[in-house]
Structure formats: C-alpha cells, structure tokens
Amino acid sequence: MSTATASPLTDPLAGDGSAETGLGAALSTALDGAHHRRRVAGRAAFPADGMLRDPALGLAEARVWTLRRLGEFVAAGFGQSIVPVERATPETQLQSLIDFETITYGDQSVAIKSGVQHGLFGGAIAGLGTAAQHERFLTDALQLRILGCFAMTERGHGSDVASLETTISYDADAGEFVVHSPHESSAKTYIGNAAADGHLATVFGQLIVDGVNQGVHCILVPLRDADGATLPGVTIGDNGHKGGLLGVDNGWIRFDHVRVPRDMLLDRFGSVRADGSYSSTIDNPNRRFFSMLGALVRGRICIGGGAAIAARVALSIATRYGERRTQFRHPHSDEESPLLDYLAHQRKLLPAIARAYALGFAQNELIDDYGRVSSDAAHDPRDQRALETLAAGLKALNTEFANATIQTCREACGGAGYMSENRLTQLRADTDVFATFEGDNTVLLQLVAKGVLTDYRDVWGGLDRLGLVQASARLVGGAVIERTGAGLLAERLVATARRKGDATAFYDRGWHAWMFEERERHSVDSLARRLRAADRDSFEQVNAMQD
Ligand SMILES: Cc1cc2nc3c(=O)[nH]c(=O)nc-3n(C[C@H](O)[C@H](O)[C@H](O)COP(=O)(O)OP(=O)(O)OC[C@H]3O[C@@H](n4cnc5c(N)ncnc54)[C@H](O)[C@@H]3O)c2cc1C
C-alpha cells in the first residue's frame, strides 16, 4: 500500500476561512449567514490553533492547562457577553452564542469550562437573579474572579429536574436559608468546576417556605474559602477520570444544613420576604418551573452549535485527507487514486457535509430566534415555547449527528485517524457527552413532541365546528407553512413549485419543502389521533407511542 500521505493530517483550521476565494469563500460566508462578520472577527481574535491541548496530558495537567488557557482568553477579552435580562439586546444575546461557538473550534475542555463558568454559572445569575445580584456577582463571574458551579443534577435525578431532592428551607427567625442534601441520592454530581476550582455554586433544590414546597428554585451557596478549603457543611468529591473533557473538573457536592443569607436566593421568578412570605409573578408552580428552565435555554443552543462545529472540524480534516491520500493504482494510469475518487468514500463524507450545511443553516435560524425572543421582555409566550422546542430538537439532532460523523471521519482517515495528534479521537471522546448534558437527547426529543402537540392542540383544540372547517380550508390553502414557522421563503418556494408541472416540481426546492411540511403534518396528525384515542393517564398507552 502506498503511504503517500503521512500523518499529521492537514490542519483544516489554519486561518478563519475568510482568506479563501471562490466557492470556498462563498460557502463559508453562506454558512456564517447573517453573522459572518461577527463570526470572522471571533475566529480571528481567538484562533483555534492557539487552543489545542496536548492529548498526552494527564487528568491533573489537563485541568491546570484548561483553566490557564481560559484565563488567557478572558484576559484577552473573551466571554464578557453574558448580560442580565434587563440589559439584553439581540446583539448581546447573539454575541454570547457566537463567543461559545468560537472556542469550540479549539479544545472542547476549554469550551466546556467556559460553558460552565460563563454560560451556566454566569447564565444562571444573569437569567434567574435580580439587578442587585447581577451587580454583586456577574462581572466577577465573567472575569473568573469567582469560579463557580451550576449544581442542578443529583445522583438520583438527572433528566427529571422537577424531582430534585435538595432542600432550600427558609428559617424566618434567622432570616436565612438552610441548604440540605437529605439523602445520598440528593448529592449533586457531575458538576463542572466542583472537584477543584469552584468557590460558589448556583444550587437548584426544592424551596420550602413555612412548610410549603414552592418547587425548584436556585440559590447561591459558597463552597470554598479563599484558600480553597471546603466550607463547614459542604462535602465535595471528585468524579475522577472521564471518557473525555479531561480538562473539566467534575465533582459531587453534599450539603449538611448549610446556612445562606436570604439575599442569595436568585429570585427573579420567586422571592421570600424577611417575614417568610413567598411571592412570585407566576402563580402556577408548573409554569414558574418551566419559565425558570426556559431562562436557561442558551446552554442548550450552545451545546448544539458546539457539536455542529466539532462535526465540521472532523469533516474538514477527513475531506482534506481524502483529497490527498491515495490508495491503489488506477487501472488505466500509473497514478494511484485519491480516496475521494472512490464513490464509497464520497458516500461516507459528502452526504454528511450536506447535512452539516443544513444543520448550520437551521442553527442560524435558531440563534436569530434566540436573539429576538430573549431580548424582548414582552415576548409572546408562544414564541418562547417555539424557541425552546427548536432548541431542544436541534441540540438532539446536532449532537447525534456530530457523534456519528466524527466516528465516520475517524474511519475515513484510516490508521492516521486513530493517531491522537490528528485530533479525531480526542474530538470523538470530548463530544460524546454532548448527547447527554444540557438535556439527554431522548428526553429532549420527547419535549419536542410535547411542544409540537401543544401547538397542534392550540390550533385545533379551541375551534368549534365552523372554525375547524375554516382552519382545514386554510391548511389546504398553504397555511401549514405559517403554522410551523418555516416562513415566507418556504411559502414562496412552495407556491412556485405548485405552478410547475409534476415532472419539474420533483427537482424543485419548494416541492421538497412542501413534502417535509406534509410529512410533519402527517406525523403530528397521526400522533395526535393516537393520543386522543389513548388514556393520557395510562403510562403504558403513552409509553407505547414512543416505540
Ligand atoms: C461530563 C458531564 C458534565 C456535566 N456537567 C454538569 C453540570 O455542570 N451541572 C449539572 O447540573 N449537571 C451536569 N451534568 C449532568 C447531566 O446534565 C446529566 O447527566 C443529564 O441531565 C442526564 O441525567 P442522568 O445522567 O441522570 O441520566 P438519566 O436521566 O438517568 O438518563 C439515563 C438514560 O435514561 C433515558 N431516559 C431517562 N428518562 C427517560 C424517559 N422519560 N423516557 C425514555 N428514556 C429516558 C435517557 O435517554 C438516558 O439514555 C454533567 C454530566 C456529565 C456526564
């Protein structure tokens, strides 16, 4: 066999893509979409080749390297785009997503360390706290002067956040909250920044006021003193070696009646007065819970976007390798054939490249929606629900795609793909867990189904007989496109496709858009029909629909 192209593989990350000409530049610009300038600026300021971790670093060294590298980025101005809700504009919201995207081109541990510190810890303060708390903690969090954790998951409950067991009980006599882990299963676990670096944590638990459980809320709890020693009542352990992301120090935390002042409750959605009375602008506890989680949707969008970039990096490495690597002499010449001349090799990579573009365009729509909805205090709750549904669905699709694609790319590079210096094995190991954190993919897809069915009920459920007939007529007339938010472009495409004959329509983008719409409508219709026929309180019947 020829060994014409030896590892290391061609580094696909040289430059930011803006120096490319012709088709490459046009594709890069198209993929960046409306945020091309912002993205080019980000990649130029924090180039990926400046942030690759030596894969041979052990656990302790990787953690030290990751924190140091993140510190250098922050000193150079990175990660300051998380702003409190009252100061949010579409630009600030978009910038916070693009900041995260930018560093996912490099080492995923640095990206996730920033995700924990800026996105989750900073994001919880910004999204769940009030102005005084923003003033007191946010800048220090973004500048890494206070390293923090986002402590939601417990040993007993990960996906089922509503069932967390940690308690946050108000002691009216002392004017303090008491944070407690009542059982072994209520210990927080897998918490980023917990094992070594975190000094303060945003802790999620059941808020108990005057004996009444007000549901899951979030409170700031100090973990360590200035010397790094754990504070009284706090026990911390190290989750140890993981399947990837070695630079992030994940750990577990238990609280034994830890007392915290009243003003540490992040109380944008629910507060406790000194006299022990609870108040919230949202009366319905269920709606309050989902509003609180909704305020944290950015993390999910970031993880989907980060996975998409990891997949694109892998595809870029494998495609460039496929162009240069040759195997087997061509029967009609003395030359060996490049891998990409083999159709089997093309079939591995080209559909994945097409899908990467499609997911990239979808992610662009999502981040625009996020910028618009999250910066508008008076947004329509239906827009928020649509945003959360899209974020959940795209996070699941992007991360699933990334995991499958990185493995394909690894194999497409043969033995060279297995050498750590060529990045693919580390990318694969680090990106794997993106399918689990920020919402397990299966559970997220169930959320999507729930969101779509709720929309369906809103459209159809409230209609009387005449309304149903009119709505059906509108549906047949093309209103289905509006319903799913596919927008004016798709509507125009469909209209054009309909004017064409059957033979040409088959090749028309509008026809394809129409078929996707039809497929969605058909799936939702039949699912809704099955649900209507089922007993919704029957676990078995609802469960059977997931099969
Ligand atoms: C490296 C790493 C870092 C993390 N960092 C943090 C952090 O900083 N802060 C934090 O709070 N958490 C963190 N987590 C926790 C993470 O968010 C959870 O692991 C995740 O939410 C899944 O919860 P779980 O592990 O309990 O899995 P489970 O919820 O127990 O899920 C296990 C399996 O059961 C399936 N399943 C669950 N429910 C259903 C259902 N209703 N129907 C069908 N299937 C179902 C899931 O699909 C999955 O396959 C981290 C985790 C890891 C691994």
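Structural notes on unusual backbone geometry
Now for step 1: Here Asn-193, not a glycine, exhibits a phi torsion of approximately 75 degrees, which is positive.
Now for step 2: In this fold, Asn-193 is placed in the loop between β4 (188-191) and β5 (200-209).
Now for step 3: Judged by its relative accessible area of 1%, Asn-193 falls in the buried class.
Now for step 4: Even without being glycine, Glu-438 reaches a positive phi, approximately 60 degrees.
Now for step 5: As for its position among the elements, Glu-438 is in the loop between α11 (424-432) and α12 (441-461).

Examining the nonpolar core
Now for step 1: By size, the foremost hydrophobic cluster in this structure holds 113 residues, and its most contacted members are Leu-128, Phe-204, Ile-219 and Phe-255.
Now for step 2: Here the element with the most residues in this core is helix α8 (residues 297-324); it accounts for 14 residues.
Now for step 3: Excluding its chain neighbours within four sequence positions, the residues that come into contact with Ile-219 are Ile-168, Phe-177, Val-179, Ala-201, Thr-202, Val-203, Val-260, Met-264, Leu-265 and Leu-266.
Now for step 4: In this structure, Leu-453, Ala-528, Leu-531 and Met-545 belong to the second largest nonpolar core, which totals seven residues.

Brief notes about the packing of aromatic side chains
Now for step 1: Evaluation of the coordinates by the stated rule reveals eight aromatic pairs.
Now for step 2: Ring centres of Phe-150 and Phe-204 lie 4.9 Å apart, and the angle between their planes is 55 degrees; this geometry places the pair in the tilted category. Highlighted residues: Phe-150 in strand β1 (residues 148-151) and Phe-204 in strand β5, separated in sequence by 54 residues. Across the pair, Phe-204 and Phe-150 agree in class, each one buried.
Now for step 3: Between Tyr-170 and Phe-177 the ring centres are 5.0 Å apart and the planes differ by 55 degrees, which places this aromatic pair in the tilted class. The burial state of Tyr-170 is the same as that of Phe-177; both residues are buried.
Now for step 4: By way of ring pairs, the aromatic residues Phe-46, Phe-73 and Phe-78 are connected into one cluster.
Now for step 5: Just above the ring of Trp-252 sits the side chain of Arg-155; from NZ or CZ to the centre is 5.0 Å.

Some points on the site of the ligand
Now for step 1: Taken together, 16 residues form the shell around the ligand, and within it Phe-150, Thr-153, Ser-159, Tyr-190 and Asp-440 come nearest.
Now for step 2: Residue Phe-150 places a main-chain N or O atom 2.8 Å away from a nitrogen atom belonging to the ligand.
Now for step 3: The backbone of Gly-192 places a nitrogen or oxygen atom 3.0 Å from an oxygen atom of the ligand.
Now for step 4: Protein contacts shield 64% of the accessible area of the ligand, which totals 980 Å² for the unbound molecule.
Now for step 5: Residue assignment for the shell around the ligand shows that the elements contributing at least two residues are β4 and α12.
Now for step 6: Tallying contributions element by element places α12 first for the shell around the ligand, with three residues.
Now for step 7: A breakdown of the residues in the shell around the ligand according to their chemical character gives seven nonpolar, eight polar and one charged.

Examining the sheet that holds β4
Now for step 1: Across the sheet, three strands lie side by side as β4-β8-β7; this open sheet has antiparallel pairing. Strands with a single pairing partner mark the edges of an open sheet, and in this sheet they are β4 and β7 (234-238). Put simply, the sheet's adjacent strands are angled 20 degrees from each other on average, direction ignored.
Now for step 2: In the sheet, β7 pairs with strand β8 (residues 251-255) via five bridges, with the strands oriented antiparallel. In the strand pairing of β8, Val-234 is matched with Phe-255.

A short note on the pairing of strand β6 (residues 212-222)
Now for step 1: Counting buried positions along β6 yields eight of eleven residues, so the element is predominantly enclosed.
Now for step 2: Linkage of β5 to β6, two consecutive antiparallel strands, is achieved through a turn of two residues, within which Asp-210 is found at a positive phi near 50 degrees.
Now for step 3: Relative to strand β10 (residues 265-266), β6 runs antiparallel, the two being bridged by two bridges. Each residue of the ladder has a partner; that of Cys-218, found in β10, is Leu-266.

Quick look at the confidence of the model for the chain
Now for step 1: Summary statistics for the chain give a mean pLDDT of 88 and a share of 87% for residues scoring 70 or more.
Now for step 2: Counting contacts from residues 1-8, a segment whose pLDDT is below 50, to residues more than four positions away or on other chains yields 18 contacts.
Now for step 3: For residues 472-486, every residue scores under 50 in pLDDT, and the model assigns this stretch 24 contacts once sequence neighbours within four places are set aside.

Re empty space enclosed by the protein
Now for step 1: Inspection of every chain in the model, using the stated rule, returns four cavities of 30 Å³ or more.
Now for step 2: By volume, the largest cavity is sized at about 80 Å³.
Now for step 3: Looking at the lining of the largest cavity, the element that brings in the most residues is α8, giving four residues.
Now for step 4: When the residues that make up the lining of the largest cavity are grouped by side-chain class, the tally is three nonpolar, four polar and four charged.

Describing helix α10 (residues 381-412)
Now for step 1: Look at α10: 45 Å from first C-alpha to last across 32 residues, which is about the 46 Å you get at 1.5 Å a residue.
Now for step 2: Its side-chain oxygen at 2.8 Å from the backbone nitrogen of Arg-382, Asp-380 defines the N-terminal cap of α10.
Now for step 3: Positive phi appears at Gly-414, one or two residues downstream of α10, with a value of about 60 degrees.

Quick look at the packing of α8 against α11
Think of two packed helices as two axes; the pair is described by the angle between the axes and how far apart they sit.
Now for step 1: Closest axis-to-axis distance for the α8/α11 pair is 11 Å, and the angle between their directions is 160 degrees. As summarised for this structure, α8 and α11 are arranged roughly antiparallel, according to the angle between their axes. Of the two possible hands of crossing, α8 and α11 adopt the one that is left-handed. Residues Ala-307, Ala-310, Val-313, Ala-314 and Ile-317 of α8 lie in contact with α11, whose contacting residues are Leu-424, Leu-427 and Thr-431.
Now for step 2: The residue makeup of the contact of α8 with α11, split by class, is seven nonpolar, one polar and no charged.

Section: the packing of helix α4 (residues 90-104) against α8
Now for step 1: Interaxial distance between α4 and α8 falls to 9 Å at its minimum, and their mutual angle equals 35 degrees. Note that α4 runs across α8; the crossing there is right-handed. Across the interface between the two elements, Gln-93, Ser-96, Leu-97, Phe-100, Glu-101 and Thr-104 of α4 pack against Arg-298, Ile-301, Cys-302, Ile-303, Gly-306 and Ile-309 of α8.
Now for step 2: Among the residues making up the contact of α4 with α8, the classes are represented as six nonpolar, four polar and two charged.

About the thresholds
- Residue positions are counted from 1 within each chain, in the order its sequence is given.
- Given that this is a predicted model, residues contribute local features only at a pLDDT of at least 70 and side-chain atom pairs are listed and counted only at 80 or more, while totals for whole chains, interfaces and linings are drawn from all residues.
- Side-chain calculation: all heavy atoms of the structure are included, whereas hydrogens and water are not.
- The secondary structure listing takes helices from DSSP runs of H or I that are at least 4 residues long and strands from runs of E that are at least 2 residues long, numbered from the N terminus.
- Partly exposed describes any residue whose relative accessible area lies between the buried limit of under 20% and the exposed limit of over 50%, with all areas from a 1.4 Å probe on protein chains only and scaled to the type maximum.
- Among the buried residues, those of types Ala, Val, Leu, Ile, Met, Phe, Trp, Tyr and Cys that are joined through side-chain atoms within 4.5 Å form a nonpolar core.
- What makes two residues a contact is simply this: any of their non-hydrogen atoms within 4.5 Å.
- Ring geometry is summarised as follows: Phe, Tyr and Trp rings, the Trp one being its six-membered ring, pair when their centres sit within 6.5 Å, and such pairs are stacked at plane angles under 30 degrees, edge-to-face over 60 and tilted between the two.
- Charge over a ring is defined by NZ of Lys or CZ of Arg lying within 6 Å of the ring centre and within 35 degrees of the ring normal.
- One heavy atom suffices: a residue is near a molecule or strand as soon as one of its heavy atoms comes within 4 Å of it.
- What qualifies as a polar contact is a pair of N or O atoms within 3.5 Å, subject to a donor-acceptor requirement within protein and to the restriction that residues adjacent in sequence count only when both atoms come from side chains.
- Areas reported here follow the Shrake-Rupley algorithm with a probe of radius 1.4 Å; residue values treat only the protein chains shown as occluding.
- Residues are grouped as follows: nonpolar covers Ala, Val, Leu, Ile, Met, Phe, Trp, Tyr, Cys and Pro; charged covers Asp, Glu, Lys and Arg; every other residue, Gly included, is treated as polar.
- Following DSSP output, two strands are said to pair if at least two bridges run between them.
- Axis definition: a line fit to C-alpha positions, over the contact stretch in the case of helices; interaxial angles, taken between N-to-C directions, run 0 to 180 degrees.
- What pLDDT expresses is the predictor's confidence in each residue, scored from 0 to 100.
- Cavity means a closed set of points on a 1 Å grid over the protein atoms alone, one where a 1.4 Å probe fits but cannot get out, pocket means an open set with protein on both sides within 12 Å along at least 5 of 7 lines, and lining means a residue has an atom within 4 Å of a point.
- Grid points are joined across faces, edges and corners, and a volume is the space filled by probe spheres set on the points.
- Helix span is expected to be 1.5 Å times the residue number reduced by one.
- Each angle gets one of four labels, with under 35 degrees taken as roughly parallel, over 145 as roughly antiparallel, 65 to 115 as roughly perpendicular, and the rest as oblique.
- Less than a right angle of anticlockwise turn of the near helix away from the far helix marks a crossing as left-handed, whereas a clockwise turn marks it as right-handed.

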